[in-house]
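Letter by letter, the chains look like this.
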Amino acid sequence: MKNLLTENISHVKNLSREEFEALYEFTQILNSATQQESLIEDTIDIVIKLINAERGIFVKYDEPTNNFSIITGRKISSENITDLGEFSSGILQKVIKEKKPLLYHDVMSDPHLSQFESVQIHRIKSVIGVPINRNGKVWGVIIADSTLDRREFTEENLVFLNFFSNLVSLALDKILKLEELEKENIILTNKLQSTEEIPEMIGTSHVMRNLSQLIYKVAQTDATVLIVGESGTGKEVAAKAIHQLSKRKGKPFLAQFCGSIPDNLLESELFGYKKGAFTGANADKQGLIEAAEGGTFFLDEIGDISNALQAKLLRVLESKEIIRLGDTKVKKADVRIIAATNKDLHSLTKEGQFREDLFYRLNVFPIKMPPLRERREDIPVLASFFAKKLGRKEILIEPAAIKKLENYYWPGNIRQLINVIQRALILSDTNKISSEHIILEDSRDLADFKGSLHEFEMLLLKKRLDEFNGNRTLTAKSLDVSVRWIQLKLKEMGENL
Ligand SMILES: Nc1ncnc2c1ncn2[C@@H]1O[C@H](COP(=O)(O)OP(=O)(O)O)[C@@H](O)[C@H]1O
Ligand SMILES: [Mg+2]
């Protein structure tokens, strides 16, 4: 490119007034040109004006396919041209082959060119073709022509255009490089965003990365989401993440555990009630869905709800409407619903236990949480994360202990891992967790239990809490103890999760 410029330097000294003005105009354009389209348009205008052509086009050349496409075209009247068929394709081919500006006079009599119909149609007298190069290849071609009654183009025009085309090539190269960088930047930022970890979701395994991407994507929409996965895989964590990453994040995120809860209790929790709706309903009460207005509502363990409640939920999803128990007034609710289950809802619908219409409404965007055994790579980082979180900052988990954790099948997934780490911390007196501190149940069946009565009590309590998703009231009921008792036992265990 540099050589080409020096080659043309001598010509600059002999610039005509028009050429000088055209150059001056062009340098101003160069200063502000940041987009190829506008640079090309300005270039065409300058060329048309300078050589007094009747019309001009800029044709983009695609070398691999040998295809041409008009990027922009102008007539002297400033009309746009869009049909390449109106131009001589012969000169295009020639310019591409010779990679230098070409000029033809008396086109009609030129044996190479007159065979082209378009040339005859338009009775073109002179045509000039100027290549714009990039990386040593023709990137595009400027074609300008004029008909019989106009002035012919000159050799002078050609020399100037050669010089001019080199300038345009330089400018275009700069712009294209910028555009490429910009595009790369957009892609990179997008990638960064979508592979960025969700803070509460520890794990860098392939499955977790895919999951984060999915969560980022669905968070941008208002779609109903169904999160499926075994107990303890992080369904609730995922639901919260979707809310946090969505435009609803400033609004409430409310959740209701739907498993093993009597129907009427669950219904009044979700929908609220009117005073006198049932004995004990002493005042109007807002339901949770209503309270989540503008935000997200998480229905946990939705596979367990009754048929009657399924119908009511369907109405919430379909018409975004709720009615309080004992009320007749219909209220609008702008709430995004996220549901979760560890059951196979699809088979439940086949067995007639779950409404098919509700299933399809919920299943707009399914997300599957992988069981821990399918992402064992994440176990070491999860284990040390929980060890730190549960109290001891400088705790070392010995390699043998990590191995033991990695080899286990984790039926209770992350929730179980947390419990195991917690127990290991209690058993270890130093700042090390060794493999003997890692107590894993071979079976979740308590009948096989070999430990002390106190340990059995703790294990049963933990299991029961898991079954009720941490709900202490329900756990207390099922064990026939008080909530206070449970709180004391948990305190005894150093439970602070
Ligand atoms: N990827 C994760 N990183 C860190 N902690 C997690 C992750 N997934 C789940 N947890 C923790 O595991 C426990 C169970 O998660 P939860 O969302 O309640 O599971 P699920 O609803 O599927 O039973 C919670 O204490 C949660 O904070
Ligand atoms: Mg849960």
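Report on the accompanying structure. (Residues numbered from 1 in each chain as written. Chains lettered and ligands numbered in written order. Predicted model: local features only at pLDDT ≥ 70, side-chain atom pairs only at ≥ 80, totals over all residues.)

A word on the overall build of the protein chain
Next, step 1: A tally of regular secondary structure across the protein chain gives 19 helices and 16 strands.
Next, step 2: Looking at the protein chain residue by residue over its 497 residues, the buried ones come to 33%.
Next, step 3: Taking as baseline every contact in the protein chain between residues at least 6 positions apart, the subset at least 24 positions apart corresponds to 68%. (Helix = DSSP H or I, 4+ residues; strand = E, 2+ residues; numbered from the N terminus. Buried ≥ 20, exposed ≤ 12 C-beta atoms within 10 Å, placed from the backbone. Contact = placed C-beta atoms within 7 Å.)

Concerning the packing of helix α2 (residues 17-32) against helix α3 (residues 36-51)
When two helices pack together, you describe them by how their axes are tilted relative to each other and by the distance separating the axes.
Next, step 1: As a packed pair, α2 and α3 sit with axes 10 Å apart at the nearest point and diverge in direction by 170°. The orientation of α2 with respect to α3, classified from their angle, is roughly antiparallel. Residue-level inspection shows E18, E19, A22, E25, F26 and I29 of α2 in contact with α3, the latter providing L39, D42, I46 and L50.
Next, step 2: Residues that form the contact of α2 with α3 fall into these classes: six nonpolar, no polar and four charged. (Axes fitted to C-alpha atoms, helices over the stretch in contact; angles between N-to-C directions. Parallel < 35°, antiparallel > 145°, perpendicular 65-115°, else oblique. Nonpolar A, V, L, I, M, F, W, Y, C, P; charged D, E, K, R; others polar.)

Points about the sheet that holds strand β7 (residues 253-257)
Next, step 1: With parallel pairing, the five strands of this open sheet are ordered in space as β7-β10-β13-β6-β14. The open sheet has two edge strands, β7 and β14 (365-368), and neither has a second partner. Averaged over all neighbouring strand pairs, the angle between strand axes comes to 20°, with direction disregarded.
Next, step 2: Here strand β6 (residues 225-228) pairs with strand β13 (residues 336-341) via four bridges, running parallel. Bridge pairing in β13 links V228 to T341.
Next, step 3: Helix α8 (residues 235-245) contacts β6, β7, β10 (296-300), β13 and β14 of the sheet and is inclined by roughly 165° relative to β13. (Pairing = 2+ DSSP bridges.)

What about the sheet that holds strand β4 (residues 124-134)?
Next, step 1: If you trace the five strands from one edge of the open sheet to the other, you get β2-β1-β5-β4-β3, paired in antiparallel fashion. The open sheet has two edge strands with one neighbour each: β2 (67-75) and β3 (102-104). Put simply, the sheet's adjacent strands are angled 15° from each other on average, direction ignored.
Next, step 2: Pairing between strand β1 (residues 55-62) and strand β5 (residues 137-147): six bridges, direction antiparallel. Its bridge partner lying in β5, F58 is registered against I142.
Next, step 3: Against the sheet, α3 touches β1, β2, β4 and β5, its axis set at about 60° to β2.

Here we look at unusual backbone geometry
Next, step 1: Even without being glycine, K99 reaches a positive phi, approximately 55°.
Next, step 2: Looking at the secondary structure, you find K99 in the loop between α4 (89-98) and β3.
Next, step 3: Residue K99 is classed as exposed on the basis of its 11 C-beta neighbours within 10 Å.
Next, step 4: In the Ramachandran plot, N135 falls in the positive-phi region, its phi being about 50° despite a non-glycine side chain.
Next, step 5: Here N135 shows up in the loop between β4 and β5.
Next, step 6: Accessibility expressed as a C-beta count within 10 Å gives 9 for N135, which makes it exposed.

Side note on helix α17 (residues 453-467)
Next, step 1: Compared with the 21 Å implied by 1.5 Å per residue over 15 residues, the 21 Å span of α17 between its first and last C-alpha is a close match.
Next, step 2: Among the residues of α17, M458, L461, K462 and L465 are the ones counted as buried. All buried residues of α17 fall inside an arc of 100° around its axis, so they share one side.
Next, step 3: Residue N469 follows α17 closely and has a positive phi angle near 55°. (Expected span 1.5 Å × (residues − 1). Arc of directions from axis to C-beta.)

What about the site of ligand 1?
Next, step 1: Every one of the 16 residues lining ligand 1 counts as a neighbour, but I202, G234, K235, E236 and I414 are closest to it.
Next, step 2: Taken together, the elements giving at least two residues each to the shell around ligand 1 come down to α8 and α16 (413-427).
Next, step 3: In terms of residue class, the shell around ligand 1 is built from seven nonpolar, six polar and three charged.
Next, step 4: Counting contributing residues, the shell around ligand 1 receives three or more from each of domain 2 (206-368) and domain 3 (373-492). (Near = placed C-beta within 6 Å. Domains from an automatic or database assignment.)

What to know about the environment of E18
Next, step 1: On the secondary structure map, E18 appears in helix α2.
Next, step 2: It is 9.2 Å that separates the C-alpha atoms of E18 and I51, two residues lying 33 residues apart in sequence.

Read these as spatial facts, not as claims about activity.
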